[in-house]
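Chains, contacts and geometry: an overview
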Amino acid sequence: MDSIADSIMGLTFTLFILICLSAFFSSSETALSSCSKIRLKNIAKTGNKRAVKVLSIIDDFDNALSTILIGNNVVNIAAASIATVVSTAYFGASGLAVATIVMTMIILIFGEILPKSFAKDRPENFAMWCAPYLHFLILLFTPLNIVFKLLKEQFRKFFDTGEHRGITEDELMIMVDEIENEGAINKQDSELIKSAIEFSDIRVKEILTPRVDIVSVDINEGNAVALKTFTTHGFSRLPVYKENEDEIIGIIHAKDFFSSYINDKDFNLEHIVKNIAFVHNSTKISLVMKTLQDSKVEMAIVLDSYGAIRGLVTTEDIVEELVGEIWDEHDKIISTFHKIGTDKYLISCNSNLQNASLHDLFKYLGLDIDQYRLENNSISGWVVETLGEIPHKGDHFTYRNLHVTVNKTNMHRVLEIIIDIDTTMKIEG
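Keep in mind it's a predicted model, so treat the numbers as computed, not measured. (Residues numbered from 1 in each chain as written. Predicted model: local features only at pLDDT ≥ 70, side-chain atom pairs only at ≥ 80, totals over all residues. Heavy atoms only, no water.)

This next bit is on helix 4 (residues 61–91). Every α-helical turn comprises 3.6 residues, leaving residues that sit three or four positions apart pointing alike. With 31 residues, helix 4 should reach 45 Å at 1.5 Å per residue; the first-to-last C-alpha distance of 44 Å fits that figure. After helix 4 finishes, the residue Gly 92 shows a positive phi value of roughly 70°. (Helix = DSSP H or I, 4+ residues; strand = E, 2+ residues; numbered from the N terminus. Expected span 1.5 Å × (residues − 1).)

The structure is reproduced here in structure tokens:
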């Protein structure tokens with residue numbers, strides 16, 4: 001009897017060890033799939049060898065997952081078998097039912113739910129703790145892993161859809177929102193990151209100062225005209241043309257002009273003309289910035305496909321797409337958006353010689369520009385394109401649930417519009 005009791009005690013202890021191993025495999029799987037590679041890389045930089053080992057395991061996650069699944073199934077099956085033996089010894093024929101019910105509850109609670117919950121709360125710590133043991137098991141199960149890898153490759157040939165998914169820009173935006181909601185970054189940092197993500201998608205035509213708003217000087221008109229232009233507009237640099245405004249030959253800087261003008265009011269303006277860059281209106285602003293940096297200039301003339309001038313763009317314009325509006329002491333602050341009634345808004349299409357954008361408008365209105373299937377563009381450009389003709393005061397159109405009326409124009413430009421939002425109309429993307 002003593003030997004039987006000792007055997008049962010031994011089996012019970014073995015059963016306890018198997019439950020612990022089940023918890024180990026379950027927590028390892030959750031920790032490896034939940035941990036942040038960025039955090040682990042930061043920890044690894046401090047010289048933590050376990051963090052380095054975790055990263056190497058994650059890089060070959062298929063082998064790790066196969067090892068975990070093999071180990072977890074082996075210990076769970078072994079635990080169920082031993083529990084049946086022990087239970088039958090105590091309860092006889094009814095021991096099988098008892099073992100099934102009890103082991104299901106024990107494995108579910110102590111082998112799955114609790115270990116995975118704890119690992120999910122602190123995945124990096126759990127991953128670093130289990131990494132050495134898991135690494136040993138991966139080496140131990142290498143022959144089996146090779147077999148499973150070959151089987152997986154065969155199955156992949158039959159079931160591979162050809163889709164190789166990466167992280168999309170929309171998913172990246174959601175990730176930033178989630179990180180902000182978790183409190184890891186503040187709203188300002190979140191907006192900056194989103195701007196950086198969208199930065200490469202913006203084309204220069206969306207942010208340029210249109211041709212009609214360009215303030216420039218004719219090099220043949222003399223220094224008096226240049227002086228008046230600088231003092232009137234307060235710009236730090238001006239495009240220079242020769243006879244025809246479409247023949248931009250460079251730019252002059254205010255500091256160069258005034259330092260030369262003080263010494264000689266009749267100096268030759270051509271001596272201080274600097275080079276200016278030229279870019280196509282469909283060029284992405286990230287490439288425009290690179291062009292400006294390589295050319296060591298702060299301004300570029302934007303051309304259309306026929307070589308005609310569409311407008312100009314500056315380094316400041318591009319940087320503002322990342323950090324928002326940059327004001328200096330010469331800027332006159334003009335409010336672009338005004339609420340003038342329930343769901344009714346007065347919109348200034350031009351402020352500070354910058355065309356207000358649809359992106360800013362929809363952000364102010366609390367609407368999703370993607371849902372309206374619109375690309376970022378100037379508000380005035382959108383109005384002109386939608387109307388399909390030179391706008392006049394009183395012209396109007398309806399776009400989805402937006403009722404737009406032209407309120408003020410200047411020549412062929414839209415200066416102000418009024419937007420009424422029909423909140424009863426449902427918009428679907």
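Now that the structure has been shown, the text picks up again.
Here the structure, examined in full by the defined rule, presents nine salt bridges. Residues Arg 237 and Glu 298 are paired through a salt bridge, measuring 3.7 Å at the closest nitrogen-oxygen approach. A residue pair is termed long-range when its members are at least 10 positions apart, and Arg 237 in strand 3 (residues 237–242) and Glu 298 in the loop between helix 12 (285–295) and strand 6 (299–303) qualify at 61 residues. In this structure, Glu 416 engages Lys 408 in a salt bridge whose closest nitrogen and oxygen atoms are separated by 3.9 Å. Of the residues examined, Lys 408 reaches a relative accessible area of 40% and is grouped as partly exposed. (Salt bridge = Lys/Arg side-chain N within 4 Å of Asp/Glu carboxyl O. Buried < 20%, exposed > 50% of the residue type's maximum accessible area, 1.4 Å probe, protein only.)

We now examine the state of the cysteines. In the structure shown here, the tally under the stated rule is zero disulfides. In this structure Cys 130 is not part of a disulfide, and its nearest cysteine sulfur, from Cys 35, lies 9.0 Å away. (Disulfide = S-S within 2.5 Å.)

Taken in spatial order, the three strands make up an open sheet running 2-3-4, and their pairing is mixed. Every other strand in the sheet has two partners, leaving strand 2 (217–218) and strand 4 (244–253) as the edge strands with one partner each. Looking at chain direction, strand 2 and strand 3 are connected through two bridges and run parallel. Among the inter-strand pairings, Asp 218 is bridged to a residue of strand 3, identified as Tyr 241. Each of strand 2, strand 3 and strand 4 touches helix 10 (residues 223–233); the most contacted strand, strand 3, lies at about 145° to it. (Pairing = 2+ DSSP bridges. Contact = heavy atoms within 4.5 Å. Axes fitted to C-alpha atoms, helices over the stretch in contact; angles between N-to-C directions.)

In contact at an axis separation of 8 Å, helix 3 (residues 49–59) and helix 6 (residues 123–140) are set at 55° when each is read in the N-to-C sense. Considering their axes alone, helix 3 and helix 6 lie oblique with respect to each other. Crossing of helix 3 against helix 6: the hand is left-handed. On helix 6, the residues touching Arg 50, Ala 51, Lys 53, Val 54 and Ile 57 of helix 3 are Ala 127, Met 128, Trp 129, Ala 131, Pro 132, Leu 134, His 135 and Ile 138. Residues belonging to the contact of helix 3 with helix 6 are distributed by class as follows: 10 nonpolar, one polar and two charged. (Parallel < 35°, antiparallel > 145°, perpendicular 65-115°, else oblique. Left-handed = near helix turned anticlockwise from the far one by under 90°. Nonpolar A, V, L, I, M, F, W, Y, C, P; charged D, E, K, R; others polar.)

These figures come from the coordinates and say nothing about function on their own.
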